[in-house]
Number of protein chains: 8
Amino acid sequence: MDPDTLRVLLDQVRTGQIAPEQAMTQLQQLPFADLGYARVDHHRHLRQGIPEVVFGEGKTVQQIVGIARALLERHGRALVTRVAPDKAEAVCRELPELEYDTLARVLVAMRAPPRARESAPVVLVTAGTSDLPVAEEAAQTLRFAGASVDRLYDAGVAGIHRLMGEIGRLSAAPVVIVVAGMEGALPSVVGGLIAAPLIAVPTSVGYGAALSGFTALMGMLTSCASGVTVVNIDNGFGAAMAALRILGPVRAKAAP
Amino acid sequence: MDPDTLRVLLDQVRTGQIAPEQAMTQLQQLPFADLGYARVDHHRHLRQGIPEVVFGEGKTVQQIVGIARALLERHGRALVTRVAPDKAEAVCRELPELEYDTLARVLVAMRAPPRARESAPVVLVTAGTSDLPVAEEAAQTLRFAGASVDRLYDAGVAGIHRLMGEIGRLSAAPVVIVVAGMEGALPSVVGGLIAAPLIAVPTSVGYGAALSGFTALMGMLTSCASGVTVVNIDNGFGAAMAALRILGPVRAKAAP
Amino acid sequence: MDPDTLRVLLDQVRTGQIAPEQAMTQLQQLPFADLGYARVDHHRHLRQGIPEVVFGEGKTVQQIVGIARALLERHGRALVTRVAPDKAEAVCRELPELEYDTLARVLVAMRAPPRARESAPVVLVTAGTSDLPVAEEAAQTLRFAGASVDRLYDAGVAGIHRLMGEIGRLSAAPVVIVVAGMEGALPSVVGGLIAAPLIAVPTSVGYGAALSGFTALMGMLTSCASGVTVVNIDNGFGAAMAALRILGPVRAKAAP
Amino acid sequence: MDPDTLRVLLDQVRTGQIAPEQAMTQLQQLPFADLGYARVDHHRHLRQGIPEVVFGEGKTVQQIVGIARALLERHGRALVTRVAPDKAEAVCRELPELEYDTLARVLVAMRAPPRARESAPVVLVTAGTSDLPVAEEAAQTLRFAGASVDRLYDAGVAGIHRLMGEIGRLSAAPVVIVVAGMEGALPSVVGGLIAAPLIAVPTSVGYGAALSGFTALMGMLTSCASGVTVVNIDNGFGAAMAALRILGPVRAKAAP
Amino acid sequence: MDPDTLRVLLDQVRTGQIAPEQAMTQLQQLPFADLGYARVDHHRHLRQGIPEVVFGEGKTVQQIVGIARALLERHGRALVTRVAPDKAEAVCRELPELEYDTLARVLVAMRAPPRARESAPVVLVTAGTSDLPVAEEAAQTLRFAGASVDRLYDAGVAGIHRLMGEIGRLSAAPVVIVVAGMEGALPSVVGGLIAAPLIAVPTSVGYGAALSGFTALMGMLTSCASGVTVVNIDNGFGAAMAALRILGPVRAKAAP
Amino acid sequence: MDPDTLRVLLDQVRTGQIAPEQAMTQLQQLPFADLGYARVDHHRHLRQGIPEVVFGEGKTVQQIVGIARALLERHGRALVTRVAPDKAEAVCRELPELEYDTLARVLVAMRAPPRARESAPVVLVTAGTSDLPVAEEAAQTLRFAGASVDRLYDAGVAGIHRLMGEIGRLSAAPVVIVVAGMEGALPSVVGGLIAAPLIAVPTSVGYGAALSGFTALMGMLTSCASGVTVVNIDNGFGAAMAALRILGPVRAKAAP
Amino acid sequence: MDPDTLRVLLDQVRTGQIAPEQAMTQLQQLPFADLGYARVDHHRHLRQGIPEVVFGEGKTVQQIVGIARALLERHGRALVTRVAPDKAEAVCRELPELEYDTLARVLVAMRAPPRARESAPVVLVTAGTSDLPVAEEAAQTLRFAGASVDRLYDAGVAGIHRLMGEIGRLSAAPVVIVVAGMEGALPSVVGGLIAAPLIAVPTSVGYGAALSGFTALMGMLTSCASGVTVVNIDNGFGAAMAALRILGPVRAKAAP
Amino acid sequence: MDPDTLRVLLDQVRTGQIAPEQAMTQLQQLPFADLGYARVDHHRHLRQGIPEVVFGEGKTVQQIVGIARALLERHGRALVTRVAPDKAEAVCRELPELEYDTLARVLVAMRAPPRARESAPVVLVTAGTSDLPVAEEAAQTLRFAGASVDRLYDAGVAGIHRLMGEIGRLSAAPVVIVVAGMEGALPSVVGGLIAAPLIAVPTSVGYGAALSGFTALMGMLTSCASGVTVVNIDNGFGAAMAALRILGPVRAKAAP
């Protein structure tokens with residue numbers, strides 16, 4: 001029942017065409033979504049300046065092409081995450097507007113670019129070079145939503161001096177995303193240096209005791225720096241979405 | 001080496017009392033903290049309007065009394081978390097200014113209240129009544145930092161209608177903290193309804209397959225609502241600290 | 001907004017006291033529960049003939065007394081599960097109408113007995129004597145909902161002949177609940193002998209490799225008898241509730 | 001020893017051909033199955049209207065062809081679950097009567113269709129599109145046993161309004177099967193809305209903290225909606241068999 | 001239906017008192033146990049020379065007294081394992097014939113001693129002194145069944161020379177039971193030195209990475225000495241029962 | 001230092017060629033193996049009638065060919081376990097005397113057959129058809145050592161009557177090996193029916209909650225039938241070696 | 001067979017009292033320990049300047065008193081680790097020479113002090129105050145062996161500047177022991193700063209995701225600083241023993 | 001800010017070109033690394049005589065070629081670990097100076113050999129032949145750093161006599177590295193025989209209960225030989241680096 005239908009129903013009550021009891025019965029059986037909650041959901045996407053992002057894993061080439069084409073038509077841009085290289089190639093053959101980022105493993109098209117956000121860049125920190133794909137998935141998601149990014153890569157705690165020289169950049173960020181595998185120690189160090197929100201992303205980098213990322217995950221959750229929050233292993237997209245929740249609705253940069 | 005010592009050293013260079021080479025050697029061996037990074041840390045606490053919070057578990061009565069007394073003298077308020085009832089009683093006998101909140105299990109004194117924050121209240125949602133202690137630990141920490149709180153308790157997903165009626169309150173919040181044990185499903189539902197930052201806190205409520213909170217923790221990390229972030233099991237304090245990182249520095253309410 | 005309020009609103013629309021647009025706004029913001037879903041929930045309890053059951057663990061004596069008294073006033077009966085002996089004693093001192101079953105660890109009062117169900121008894125099978133408390137929690141819950149129970153205890157697979165002699169009783173049951181710890185093998189054997197629904201309850205009986213009930217839980221989930229379903233470890237109450245969902249709404253026994 | 005052999009033995013006793021002591025010895029050594037228990041088992045399959053279903057995983061093409069051919073000869077229909085596409089193709093080349101359902105990954109032939117059941121359709125609910133294969137395995141199994149199915153797909157808790165509009169369909173079902181991966185929250189929500197038996201099926205959808213389906217499994221077992229039962233991860237077949245146990249023996253629809 | 005009843009039934013068939021068809025019906029519904037399988041079970045206990053052993057954990061004082069008294073009356077001896085000291089004291093007050101072994105934590109009475117077995121002693125090896133309680137539980141069980149025991153304690157692999165000097169005693173044993181906690185390495189070493197059956201018992205001795213005995217358990221299962229078998233953690237009783245299965249039926253020592 | 005060398009040394013002492021002190025020094029530094037312990041080891045293999053068995057996994061084709069050729073030259077027979085089909089084919093091309101058993105995945109040659117053991121056959125029981133490879137690895141190992149085997153396959157507990165009819169065969173065995181995956185319940189049932197040694201082998205058959213064989217492993221370790229012992233998952237070879245330890249040294253069948 | 005016995009045997013060979021064949025038989029059956037390996041073990045303790053240390057957990061008061069008294073008589077000093085306060089009190093009443101260190105939970109007496117080692121002090125670093133007991137257990141063990149200790153406590157990575165100022169002290173150490181709970185990040189940071197051996201000790205400090213020390217343990221094992229080694233959770237004693245292995249045999253400080 | 005820049009700044013202070021306050025501000029914002037800590041790091045590598053080692057896993061052929069070429073230019077040698085055979089082949093085609101060790105799976109070039117260390121060889125012990133790759137990774141790393149190696153392979157505890165004959169070689173080592181899979185028992189035995197530092201390396205050899213190396217890892221951590229330290233599963237490189245930390249700075253062998 002959309003707003004128009006509801007208005008008709010109420011008009012019918014007003015003019016006596018149907019009795020209040022009948023209207024009551026119909027209203028009690030209304031599907032929830034029809035009362036506007038779906039619109040709330042819709043509004044949320046508008047406010048964040050980011051249309052639905054497609055999770056590519058487990059979807060066929062045809063499904064990805066179909067959904068991406070629909071999104072391009074409606075929003076003028078589309079982002080598909082977790083796409084393996086060969087699948088990406090097949091998708092691009094059918095929908096050449098999409099470009100493949102081999103590091104982030106995402107397909108993206110931005111014919112209609114998002115409104116740029118006025119906030120300072122989100123800082124992305126990684127512990128090692130193997131954490132780059134996860135960080136770049138976050139970077140591409142942020143860029144897709146109009147947020148700018150400052151990359152601070154390969155700043156692991158075993159060479160802590162590399163990090164110490166960058167406190168200025170870290171302190172300027174509205175949100176910091178720290179991506180690390182192995183023992184996941186980096187968010188504790190960064191979290192002790194800055195006051196801004198810090199989202200930690202464990203990665204599945206490492207072997208044996210790294211437990212496919214669970215050692216980093218557990219380490220980040222029990223971080224000795226308070227106020228650090230954590231997302232799922234390798235979830236660069238989720239970290240970017242959390243950062244966007246913090247950045248809030250898009251407000252375009254003021255004209256000069 | 002504090003700033004005064006540094007200034008003296010540089011003055012000695014200026015006046016020729018010591019050679020630049022000698023000064024250089026001393027500077028290269030400076031402990032890092034002495035160059036001001038500790039002050040950065042100190043500034044962070046000032047900005048958030050919250051002095052160091054004491055983790056009471058594993059500390060003796062004498063240790064808690066000593067630290068709390070020092071904090072009270074310096075800041076005019078003190079907060080001690082995770083204090084068992086009998087230990088709390090012993091601490092209060094020696095330091096009667098501290099009051100014990102039996103639900104949150106915290107000791108608190110606020111002779112000098114914090115500056116009130118101007119932001120809308122942080123909404124605290126719990127799934128069941130057994131999640132209250134964790135939520136209240138968060139509430140007390142927020143209150144201690146001058147943030148206001150809106151409680152929305154006992155809104156578990158098995159009675160989803162209770163939650164549906166409160167979308168308005170949820171949507172008004174700058175940050176929402178969702179506390180839930182058992183299957184930890186509540187953050188997924190709430191995260192799908194709002195666009196604001198959502199911090200999920202798993203609790204150790206439940207038995208058997210609840211795995212002392214790990215089922216809720218893993219469930220929240222793999223939430224189907226994107227952008228949800230998670231803290232450690234039962235870590236109400238950590239959730240509040242993460243919320244404070246998002247709220248940012250205290251800005252006092254404008255005078256009327 | 002309860003039905004009466006809704007009727008008033010619609011009457012106001014009918015008589016022109018408020019405009020359809022205003023009513024529409026109010027209706028779109030209606031809390032979901034007010035549209036009757038809570039009643040659905042209420043109906044469910046009526047149909048199953050069982051008022052809300054109180055989970056006693058983690059509740060104080062005062063809380064249990066308060067809730068039980070309210071339930072007794074409204075429904076004439078009350079059931080509280082997972083009550084330790086000393087807590088039970090304290091509760092009974094304040095509310096002597098409640099009786100304590102030391103085996104099932106439940107408090108129960110049935111001043112107004114439930115309508116007896118017409119179906120054949122639910123058969124409760126246990127592997128060993130240590131599984132009795134869990135089975136009896138299920139038995140008390142079923143009895144509280146008016147269902148009758150047939151107990152087939154101590155029929156573990158290491159003495160399989162004890163079970164073989166009871167196939168007749170098993171085959172007559174509308175639902176069978178099998179309670180077993182250790183390796184949890186009993187549901188596989190029983191599930192292979194009968195065609196009725198079988199709810200398996202793992203118990204935390206055993207040590208070492210019994211893994212506090214997880215070995216039985218995992219064994220039951222991977223049972224070689226198809227169509228066996230499982231509930232949480234030691235969850236006799238949950239198994240009874242699942243059985244009641246299968247038995248369906250109470251239909252009183254026909255008069256002779 | 002089948003019934004005929006037993007009858008001959010007893011006749012021999014009656015006519016004095018063999019002494020009671022000899023008969024007694026033979027009877028004490030009778031294999032159990034010969035005394036009718038296998039028939040009970042046989043009866044169960046007849047009552048449920050479903051011949052043995054073949055688990056295809058780990059079986060060779062020749063084994064599947066052989067068993068399916070035998071089942072088709074005896075029952076006029078056959079169902080093979082968990083068949084990979086390439087193996088299915090090989091099987092179909094040799095036994096073209098079998099058709100392959102690529103989504104459910106089952107091979108099926110129904111030359112002699114089952115008797116249709118008179119009960120209302122079993123409702124199958126899934127949280128996301130990746131849960132479809134497991135749900136369809138259940139659907140094909142139910143269809144194979146003559147039960148009808150109502151599909152309610154992609155109703156995850158992060159878009160809870162989609163589910164809310166379908167309470168009517170859910171309430172009409174004699175059994176509801178809820179299939180969900182990730183945090184496995186959907187059964188709790190559905191279980192709180194309906195009074196019918198609910199069988200929850202965790203799926204291995206998700207990565208990292210999804211723990212290959214164990215997070216969903218544990219979440220469902222500790223569901224805050226009481227009376228929910230659970231089957232093994234990805235076990236759509238098992239859920240269907242549990243539903244068939246609840247539906248009970250086939251009773252053909254009454255003729256008009 | 002015991003043998004006598006069966007004989008009567010067959011006599012009635014022989015004399016024509018009941019028809020073969022009637023007898024057939026009765027025989028098909030015979031409980032399995034009545035056909036002699038329970039006797040098989042009974043025979044097993046007789047052959048091993050050991051009446052049922054009582055598992056004391058989780059049983060009340062009254063239950064232990066009752067069962068032990070019944071066993072004493074029937075067999076002239078009784079063994080109760082896993083009895084805590086205070087419970088043992090209470091039991092002994094009521095049944096003074098029982099004696100408590102504080103190390104093995106068993107209650108035992110042997111008014112009628114078992115027939116002594118003719119085989120060489122079972123050798124019990126422990127890694128450290130903390131493994132003694134588990135080894136002694138095995139020793140008491142073996143003694144209770146008439147088997148003799150040779151103790152080789154505190155022979156851990158970190159002092160491997162202690163073990164090397166005892167190869168003669170080890171080689172003489174019909175069965176060796178090796179009890180070890182921590183890394184559980186001892187069975188591998190002993191298993192490489194002897195050809196006899198070796199039963200490994202992991203103990204819960206150790207902390208942290210000892211994982212309450214699971215490290216020893218897993219280590220023993222993956223032992224590099226082939227043909228080692230394992231029982232549950234701390235299960236001295238089970239190891240003794242496995243040894244008795246290997247020793248076989250009691251054969252009294254030949255008279256001189 | 002082999003026995004000959006030792007004899008020479010002692011002769012030199014006897015004849016005064018070297019002083020006792022010099023001999024003493026040499027003897028104190030003797031490698032342990034030279035004092036006869038290797039012979040003990042060697043004797044063990046002779047007594048069991050089984051030369052070293054080669055674990056094929058992780059070995060190259062050349063390594064397998066080399067070791068097998070050496071064993072064939074010395075003992076006239078060789079057994080290689082855990083050989084994948086393609087590797088087996090390559091090995092057989094170079095050493096055609098070896099034959100490949102595709103079910104047991106072993107390579108075997110028995111030009112010089114082992115001495116046949118006089119004991120009754122070892123009974124091998126499996127729960128399902130997927131457990132056959134593990135059972136056949138045990139069978140081939142037993143056959144290689146001259147022991148005879150009685151196969152009782154596909155006797156899972158969900159069709160318990162199939163097992164009940166075979167108690168006679170089970171009771172005749174000197175050792176029973178029970179192979180089962182999924183919930184691992186079969187050893188409990190068999191262990192309750194017989195008095196002989198029972199070696200349980202968990203298999204990695206199953207998915208999800210079967211935990212790659214750990215559910216069966218844990219279930220067998222916590223079996224409610226006492227005296228059951230367990231080997232590693234899928235370790236058919238280890239179970240056979242444990243059975244051979246129980247059967248003891250080969251004693252050839254008496255001539256007629 | 002001690003050296004004297006061996007010499008006697010060889011003399012008997014030399015003088016012809018026994019034949020070489022007889023001597024050979026005796027030598028082949030010599031217990032290994034008698035050939036001097038026990039002496040090697042004994043020498044090791046002498047070289048490290050540390051008599052056997054008693055593990056107090058699980059030992060009775062009488063056992064501790066007995067062993068400590070024997071050690072005091074032989075070596076003039078004794079160390080007992082892991083002693084709870086009340087047990088310590090009881091031990092001290094009987095053996096007042098022992099003193100109890102409440103922080104390290106050790107009993108120690110050093111009537112005859114160890115020879116002081118000439119090496120620079122071992123540096124002990126802890127992340128937080130709750131790690132002190134484990135660090136002090138290490139300190140007391142080192143002191144007991146004559147090694148000196150430099151304490152650098154409360155230098156956790158969330159306040160990394162505290163550590164940075166102490167690089168000089170760290171760099172001077174022959175061995176560094178780093179004790180940390182929670183995420184166990186400290187060894188990675190320290191390991192990146194120094195070139196000396198670093199022994200990491202995880203502690204069971206923390207809750208929830210700290211997993212009783214396993215998160216720290218796994219984090220340390222997968223440390224991004226290469227060459228870090230790890231001991232068991234809370235094993236301060238083990239870390240000290242590893243440090244002593246590195247320091248090597250005691251060499252007394254040269255006289256001036 | 002490198003030392004030259006610092007000197008210039010101080011000269012400017014000395015000559016009055018900039019005021020001490022300005023210099024102070026600049027110094028407080030100095031990146032940490034610029035104050036010499038990176039040089040410490042650099043010094044460490046020089047002292048150990050080993051340039052950075054490249055972890056090949058997860059790096060592309062081009063990345064490996066690039067880094068190795070740079071290292072060869074600067075240091076005259078390069079070591080790349082964890083390189084699969086096909087990747088190694090591709091790298092060698094582009095950089096033929098690198099040689100591939102198929103057992104250790106490393107690429108190495110040593111145009112400019114390291115200075116040979118004067119210490120006795122590091123002894124490498126393995127339990128079985130499958131542990132060789134891990135041991136050889138350690139050997140190649142040690143060789144690359146100028147350390148010599150003594151290999152003692154295939155000395156598992158099930159054939160303990162092989163180890164006993166090698167105590168002399170073990171006792172001569174400054175450090176012993178013990179590599180073992182399965183139950184990981186070997187370090188306990190070796191650790192009890194020698195006084196030198198012992199680094200244990202668990203390997204992922206084994207199946208089922210071997211838990212991909214975690215059983216060996218946990219067993220080594222809970223070793224009954226005190227002072228054993230452990231590195232990550234299969235981490236031969238890490239063990240070598242730990243040994244190098246113990247060997248300390250390179251001191252060239254004295255000329256003859």
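Check the entry above for the structure.
Along each chain, residue indices are assigned from 1 in the same order as the chain's sequence is written. Think of it this way: whatever chain is written first is A, whatever ligand is written first is 1, and the rest follow in order. Owing to the predicted nature of the model, reporting of local features is limited to residues with pLDDT of at least 70; listing and counting of side-chain atom pairs is limited to 80 or more, with chain, interface and lining totals taken over all residues. Just so you know, side-chain values use all the structure's heavy atoms and leave hydrogens and water out.

Draft legend 1. Expanded view of the overall build of chain A. On a plain count of helices and strands, chain A comes out with 11 helices and nine strands. Contacts are residue-level and defined by heavy atoms, with any inter-residue pair within 4.5 Å sufficient. Long-range pairs, those at least 24 residues apart, make up 70% of the contacts in chain A with a sequence separation of at least 6. Residue burial considers only the protein chains on display, and all accessible areas are found by Shrake-Rupley using a 1.4 Å probe. By element, 52% of the accessible surface of chain A is carried by carbon and sulfur atoms, the whole surface being about 9500 Å². Helix and strand labels come from DSSP, where a helix needs a run of H or I of at least four residues and a strand needs a run of E of at least two; each type is numbered from the N terminus.

Draft legend 2. Structural context of the relation of the copies chain B and chain A. C-alpha atoms of residues with pLDDT of at least 70 in both copies form the basis for the least-squares superposition of the copies. After a rotation of 180° and a shift along the axis of 0.1 Å, chain B superposes on chain A with an RMSD of 0.2 Å. Overall, the copies show the geometry of a two-fold rotation axis. In this assembly, 100% of the residues forming the interface of chain B have copies in chain A that are likewise at the interface, indicating an isologous arrangement.

Draft legend 3. Quick look at the sheet that holds strand β4 (residues 106-110) of chain B. Residue and element names in this part refer to chain B. Two strands pair under a simple rule: DSSP has to find at least two bridges between them. Spatial strand order, β1-β2-β4-β3: four strands in an open sheet with mixed pairing. Where the open sheet ends on each side, the last strands, each with one partner, are β1 (54-55) and β3 (99-101). Of the pairings in the sheet, the one linking strand β2 (residues 77-81) to β4 comprises four bridges and is antiparallel in character. In the strand pairing of β4, Val80 is matched with Leu107. Inter-axis angles, ranging from 0 to 180 degrees, are taken between N-to-C directions of lines fitted to C-alpha atoms, where helices are fitted over the stretch in contact. Packing of helix α4 (residues 61-75) onto the sheet brings it into contact with β1, β2 and β4, and relative to β2 it is tilted by some 150°. Along the sheet, helix α6 (residues 132-144) contacts β2, β3 and β4; its crossing angle with β4, the most-contacted strand, is approximately 20°.

Draft legend 4. Representation of the interface of chain B and chain A. Between chain B and chain A, the residue contacts involve 36 residues of the former and 36 residues of the latter. Note: buried area is the sum, over both parts, of the accessible area (probe 1.4 Å) each one loses when the two are combined. Summed over both partners, the interface of chain B with chain A buries about 2700 Å², with 61% contributed by carbon and sulfur atoms. Three residues, Ala195, Leu221 and Arg245 of chain B, lead the burial of chain B against chain A; their summed loss comes to 25% of the area buried on that side. In the sections that follow, a salt bridge refers to a side-chain nitrogen of Lys or Arg positioned within 4 Å of a carboxyl oxygen of Asp or Glu. On inspection of chain B and its partner chain A, the count reaches zero salt bridges. Each polar contact in these results corresponds to two N or O atoms within 3.5 Å; when the atoms are within protein, one needs to be able to donate a hydrogen and the other to accept it, and residues that are neighboring in sequence are counted only if both atoms are side-chain atoms. At the junction of chain B and chain A, the tally comes to 10 residue pairs in polar contact (both at pLDDT 80 or more). Going through the elements one at a time, α3 (37-48), α9 (186-193), β8 (198-202), α10 (214-221), β9 (228-230) and α11 (236-247) of chain B are the ones with two or more residues in the side of chain B that touches chain A. Gly is put with the polar residues, along with every residue not named as nonpolar or charged; the nonpolar set is Ala, Val, Leu, Ile, Met, Phe, Trp, Tyr, Cys and Pro, and the charged set is Asp, Glu, Lys and Arg. Class assignment of the residues belonging to the side of chain B that touches chain A gives a composition of 23 nonpolar, nine polar and four charged.

Draft legend 5. Up close: the environment of Pro20 of chain E. Along the chain, Pro20 of chain E turns up in helix α2 (residues 20-28). In sequence terms Pro20 of chain E and Leu10 of chain E are 10 residues apart; their C-alpha atoms lie 9.2 Å from each other. Setting aside residues no more than four positions away along its own chain, Pro20 of chain E makes contact with Leu10, Asp11 and Arg14 of chain D.

Draft legend 6. Looking closely at the relation of the copies chain A and chain G. In screw terms, the move from chain A to chain G is a rotation of 180° and a rise of 0.1 Å along the axis, fitting with an RMSD of 0.2 Å. The overlap is high: 100% of the interface residues of chain A also sit at the interface in chain G, so the same surface is used on both sides.

Draft legend 7. Summary view of helix α5 (residues 85-94) of chain E. Residue and element names in this part refer to chain E. The complete set of buried residues in α5 reads Ala88, Ala90 and Val91. Burial along α5 is one-sided: seen end-on, the buried residues are contained in an arc of 165°. In this structure, α5 carries Asp86, Glu89 and Arg93 as exposed residues pointing more than 90 degrees from its buried face. Only protein chains enter the accessibility calculation, which uses a 1.4 Å probe. A residue is then buried if its area is under 20% of the maximum for its type, exposed if over 50%, and partly exposed in between. What the arc covers is the set of directions going from the helix axis to the C-beta atoms.

Draft legend 8. Fine view of helix α10 (residues 214-221) of chain F. The buried fraction of α10 of chain F is high, at eight of eight residues. Buried residues of α10 of chain F: Phe214, Thr215, Ala216, Leu217, Met218, Gly219, Met220 and Leu221 of chain F, and no others.

Draft legend 9. Representation of the packing of helix α10 (residues 214-221) of chain C against helix α10 (residues 214-221) of chain D within the structure. For the pair α10 of chain C and α10 of chain D, the least separation of the axes is 13 Å and the interaxial angle reads 105°. On the basis of the axis angle, α10 of chain C is roughly perpendicular to α10 of chain D. Across from Phe214, Leu217, Met218 and Leu221 of chain C in α10 of chain C, the residues of α10 of chain D making contact are Phe214, Leu217, Met218 and Leu221 of chain D. Broken down by class, the residue content of the contact of α10 of chain C with α10 of chain D amounts to eight nonpolar, no polar and no charged. Should an angle fall under 35 degrees it is called roughly parallel, over 145 degrees roughly antiparallel, and 65 to 115 degrees roughly perpendicular, with every other angle called oblique.

Draft legend 10. Representation of the side chain of Lys59 of chain A within the structure. Residue and element names in this part refer to chain A. Position of Lys59 relative to the elements: it lies in the loop between β1 (54-55) and α4 (61-75). The sign given to each residue is positive for Lys and Arg and negative for Asp and Glu; His and the chain ends receive no count. In this structure, Lys59 is buried with no salt-bridge partner, the nearest side chain bearing the opposite charge being Glu52 at 7.0 Å. A polar contact is formed between the side chain of Lys59 and the backbone oxygen of Phe55, at a distance of 2.9 Å. Leaving out residues up to four positions away in the same chain, Lys59 has contacts with Val54, Ile64, Ile67 and Lys87.

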